[in-house]
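Chain residues, written in single-letter form:
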Amino acid sequence: MNDLEARVQNLESRVRALEDELAIHRVIVRYGLCVDTGDAPRTSEVFAADGVYDTDVLVMRGRAEIEAMIRGDRHQGMVGRCAHQIGPAMVEVSGDTALAAGYSRVYLAGERGIGIYRVSVNRWELERSEGSWRIRNRVTRLLGHDEARAVLAAGLDAVTR
Amino acid sequence: MNDLEARVQNLESRVRALEDELAIHRVIVRYGLCVDTGDAPRTSEVFAADGVYDTDVLVMRGRAEIEAMIRGDRHQGMVGRCAHQIGPAMVEVSGDTALAAGYSRVYLAGERGIGIYRVSVNRWELERSEGSWRIRNRVTRLLGHDEARAVLAAGLDAVTR
Amino acid sequence: MNDLEARVQNLESRVRALEDELAIHRVIVRYGLCVDTGDAPRTSEVFAADGVYDTDVLVMRGRAEIEAMIRGDRHQGMVGRCAHQIGPAMVEVSGDTALAAGYSRVYLAGERGIGIYRVSVNRWELERSEGSWRIRNRVTRLLGHDEARAVLAAGLDAVTR
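Basis of the calculations
Residues numbered from 1 in each chain as written. Chains lettered and ligands numbered in written order. Predicted model: local features only at pLDDT ≥ 70, side-chain atom pairs only at ≥ 80, totals over all residues. Heavy atoms only, no water. Core = buried A, V, L, I, M, F, W, Y, C linked by side-chain atoms within 4.5 Å. Buried < 20%, exposed > 50% of the residue type's maximum accessible area, 1.4 Å probe, protein only. Contact = heavy atoms within 4.5 Å. Buried area = accessible area lost by both parts, 1.4 Å probe. Salt bridge = Lys/Arg side-chain N within 4 Å of Asp/Glu carboxyl O. Helix = DSSP H or I, 4+ residues; strand = E, 2+ residues; numbered from the N terminus. Nonpolar A, V, L, I, M, F, W, Y, C, P; charged D, E, K, R; others polar. Pairing = 2+ DSSP bridges. Arc of directions from axis to C-beta. Axes fitted to C-alpha atoms, helices over the stretch in contact; angles between N-to-C directions. 1 Å grid on protein atoms, 1.4 Å probe; cavity = no way out; pocket = protein on both sides within 12 Å on 5 of 7 lines; lining within 4 Å. Points joined across faces, edges and corners; volume = space filled by probe spheres on them.

The biggest cluster of nonpolar side chains holds 62 residues, and the ones touching the most others in it are A:Leu33, A:Tyr107, B:Leu33, B:Tyr107, B:Leu143, C:Leu33 and C:Leu143. Residues within four places of B:Leu33 in sequence aside, it is in contact with C:Met90, C:Ala101, C:Gly102, C:Tyr103, C:Leu152 and C:Leu156.

Taken residue by residue, the interface counts 30 residues in chain B and 36 residues in chain A. Summing the contributions of chain B and of chain A, the shared interface buries around 2,800 Å²; its carbon and sulfur component is 68%. Taken together, the connections running from chain B to chain A amount to five salt bridges. A salt bridge links B:Arg7 to A:Glu12; the nearest nitrogen and oxygen atoms lie 2.8 Å apart. Listing elements by their share of the side of chain B that touches chain A, those giving two or more residues are α1 (3-37), β3 (82-94), β4 (97-110), β5 (113-129) and α5 (148-159) of chain B. Considering every element that reaches the side of chain B that touches chain A, the biggest residue donor is α1(B), with nine residues. Classifying every residue of the side of chain B that touches chain A gives 20 nonpolar, four polar and six charged.

A word on the pairing of strand β3 (residues 82-94) of chain C. Residues and elements named next belong to chain C. Across the 13 residues that make up β3, a large majority, 10, are buried. In the sheet, β3 pairs with strand β4 (residues 97-110) via 11 bridges, with the strands oriented antiparallel. By the bridge assignment, Ile86 is partnered in β4 with Ser104. The antiparallel hairpin formed by β3 and β4 contains two residues in its connecting segment, where Gly95 sits at a positive phi of about 65 degrees.

All names here are of chain B. Those residues of helix α3 (residues 63-71) not exposed but buried are Ile66, Glu67 and Ile70. The buried residues of α3 occupy an angular sector of 100 degrees when the element is viewed end-on, so they sit on one face. On the buried face of α3, the contacting elements are α1, α2 (40-44), β1 (47-54), β2 (59-61) and α4 (73-76).

Right, let's get into the sheet that holds strand β2 (residues 59-61) of chain C. All names here are of chain C. Read across the sheet, six strands follow the order β2-β1-β6-β5-β4-β3 without closing on themselves; strand pairing throughout is mixed. Whereas interior strands pair on both sides, the edge strands pair on one side only; in this sheet they are β2 and β3. Strand-to-strand twist across the sheet, computed as the mean angle between neighbouring axes with direction ignored, equals 20 degrees. For strand β5 (residues 113-129) and strand β6 (residues 132-142), the ladder comprises 10 bridges, and the chain directions are antiparallel.

It is worth spelling out empty space enclosed by the protein at this point. Across all of its chains, the model carries three cavities of 30 Å³ or more by this definition. Empty space within the largest cavity amounts to approximately 860 Å³. For the largest cavity, the lining is made up of 38 residues, of which A:His25, A:Pro88, B:His25, B:Pro88 and C:His25 are closest to its centre. Classifying every residue of the lining of the largest cavity gives 23 nonpolar, six polar and nine charged.

Any functional reading would require information beyond the geometric quantities listed.
Have a look at this one:
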């Protein structure tokens, strides 16, 4: 391999890293836009088929359980009035897996105007499958929850190894 | 074209896509910083000359109408006390046009401290002109507005085609 | 230098610019995750050794003063209940220095639920040292503070030169 070819190979690796980082930000943000439109299959596709979504109040295993939550009265009653805004987050990619750590907020419009419904810390595990990044595991804990500090610290460790 | 030249050409295309994605995030965020300093011409330049800014309460067509809103007593009275924070958003670029969908928030400092003034969903159409990305159309609707869900869903469709 | 080599060199420069922009977003966001875990040395490393953190109420010069704030009762009493969320921001890189301007928010969980504790404007000066971007100077002012508009305007000027 000559010198120029080595430089091209180095660039290919760096461009792939940049593409992966942006793709992962996009997929974690995409959950919010999808869930706020109330579209269950579109939202669940952000997760791997056997992906786990581990929240304060409910652990959902696999897309069917995630879709059940989205189709439920509680969530559907908030569609059009809720905004799931995800980030800022830090991302660490390693081949076909990645980790991310960061924040999320849910806003809700009600009779008294728009308020903060939830602010949470998050740790995501992601995988590349058939060319697309998907969430394999998302742990989210409400700010002030007993486990919030540990979730954030574990996430931070993961993305700054 | 030899193999190495093809790899360089492929890289050029991918780097251009990354540059465009970051540039579009920058221009939609820039609106917020500009409007919060109260500088009307600087803010309106984020839009194309005939750009449309379609809000709940007012549709502004062209830079002069956008500048009139910024120069108005209502907005000037909030400068130094308001923060227009835009994102997270998803971006889809296609040549010299692009679409984006996502959230925005306005915070306002008043006598009782800092509160949420608005949380909105947004759909942006952008165009590249003379090497710079500008907003051709921004539709924004307050969370809870009758049209909020449709604006978000249309935006999500646009960025995930 | 032949044509292909010139194209590779151009790509190297553009990829470096993209890497720098993402790295700077990462380091300003990282402050928040670190400070929210309460880890003083990890947080102070986001700053240059002689970095300055200039807030409304306190100017900290060098890592020892930043660590003292983080180790203090006031901050430690909020760990697990506070979320320092940074961005959106705009970034301008120039060689081994960079400037950024944008927003930050602090949320706090208390007995009455989660509320907004602070919303601020920020101007960052950063430097690359031993291959890593660090904050040399961060000026942050609460929304509504007498200096908030000037800090934001100076930051915006810096990133849009």
